[in-house]
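Observations on chain architecture
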Amino acid sequence: MRIIKLAAADGAVISVEQDLAEQSGTIRNILNDVGVTNTPIPVPNVSGPILSKITDYWRHHRGDSSRRRPREPIPEEENDSSEAATQRAISQMDDFDHEFCRIDQGTLFDIMLAANFLDVPALLDLVGYTVANKMKGKTVAEMRATFQVKNNFTPEQEQQALRDNAWCEDDSGKI
């Protein structure tokens, strides 16, 4: 298999097998347009350590087409409830995926941004579910603290927002 080079935003150059890099829709499109060359493919917005972690993910999931999310939306009649879809996604996670996501929050968000930029839907889903699980069962104040979100509402605006969105909380004030 051909080796291609990816140039991270910080100048790090990572060599990776072409079939692994093609798990990225962005890289696949570049290779289809330009072809394979000895020139590293620039990957702006992604640091070397994050790109290296993503290549580890690609290596582990090499040839695993069952994890590839379809591009088209699932027809409504076939669409599961969000809870069922979440449970199915969690059940597909293997030990590698669980360990992969046991990282600090900043790295997790950097991987999420990189997975989005590189168009790696299965990885984006994995980190998205991880972030969603971090939010599950928390109050608004707990989520603000967890994700370091500043509350810029006045007390009156906050109360109005809570009234307007009461449908998404349970009786304990948790989401």
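Residues numbered from 1 in each chain as written. Predicted model: local features only at pLDDT ≥ 70, side-chain atom pairs only at ≥ 80, totals over all residues. Heavy atoms only, no water.

The name recorded for the chain in an unreviewed UniProt entry is E3 ubiquitin ligase complex SCF subunit, from Coemansia reversa. According to its UniProt record, the chain has this under Function (unreviewed entry): "Essential component of the SCF (SKP1-CUL1-F-box protein) E3 ubiquitin ligase complexes, which mediate the ubiquitination and subsequent proteasomal degradation of target proteins." A UniProt comment under Pathway (unreviewed entry) is attached to the chain, and it reads "Protein modification; protein ubiquitination." (UniProt positions renumbered as here; feature names shortened; annotations may be inferred.)

What follows concerns the pairing of strand β2 (residues 13-17). The side-chain alternation of β2 yields one buried face, formed by Ile 14 and Val 16, and one unburied face, formed by Val 13, Ser 15 and Glu 17. Looking at chain direction, strand β1 (residues 3-8) and β2 are connected through five bridges and run antiparallel. Bridging across to β2, Lys 5 finds its partner in Ser 15. Taken together, β1 and the strand that follows it, β2, pair antiparallel across an intervening segment of four residues, in which Gly 11 is found at a positive phi of about 95 degrees. (Buried < 20%, exposed > 50% of the residue type's maximum accessible area, 1.4 Å probe, protein only. Helix = DSSP H or I, 4+ residues; strand = E, 2+ residues; numbered from the N terminus. Pairing = 2+ DSSP bridges.)

For the rest of this paragraph, the subject is the sheet that holds β2. Here three strands make up an open sheet; going across it, the order is β2-β1-β3 and the pairing mixed. On the outer flanks of this sheet lie β2 and β3 (41-43), each paired with one strand and no other. Strand-to-strand twist of the sheet, defined as the mean angle between neighbouring strand axes without regard to direction, takes the value 35 degrees. Contacting β1 and β3, helix α2 (residues 25-34) runs over the sheet at an angle of about 155 degrees to β3. (Axes fitted to C-alpha atoms, helices over the stretch in contact; angles between N-to-C directions. Contact = heavy atoms within 4.5 Å.)

This paragraph deals with the pairing of β1. Two strands pair when backbone bridges link them, and β1 and β3 are joined in this way by three bridges, in the parallel orientation. By the bridge assignment, Ala 8 is partnered in β3 with Val 43.

Next up on the list: α2. Residues of α2 that are buried: Gly 25, Ile 27 and Leu 31. Viewed end-on, α2 has its buried residues packed into an arc of 165 degrees, placing them on one side of the element. Of the exposed residues in α2, those oriented more than 90 degrees away from the buried face are Asn 32, Asp 33 and Val 34. In the core, the buried residues of α2 are packed alongside β1, α1 (18-21), β3 and α6 (105-118). Two or three places before Thr 26, at the start of α2, stands the capping residue Ser 24, its side-chain oxygen 3.3 Å from that residue's backbone nitrogen. Looking one or two residues past α2, Gly 35 carries a phi angle of roughly 90 degrees, positive in sign. (Arc of directions from axis to C-beta. Polar contact = N/O pair within 3.5 Å; in protein donor to acceptor, adjacent residues only side chain to side chain.)

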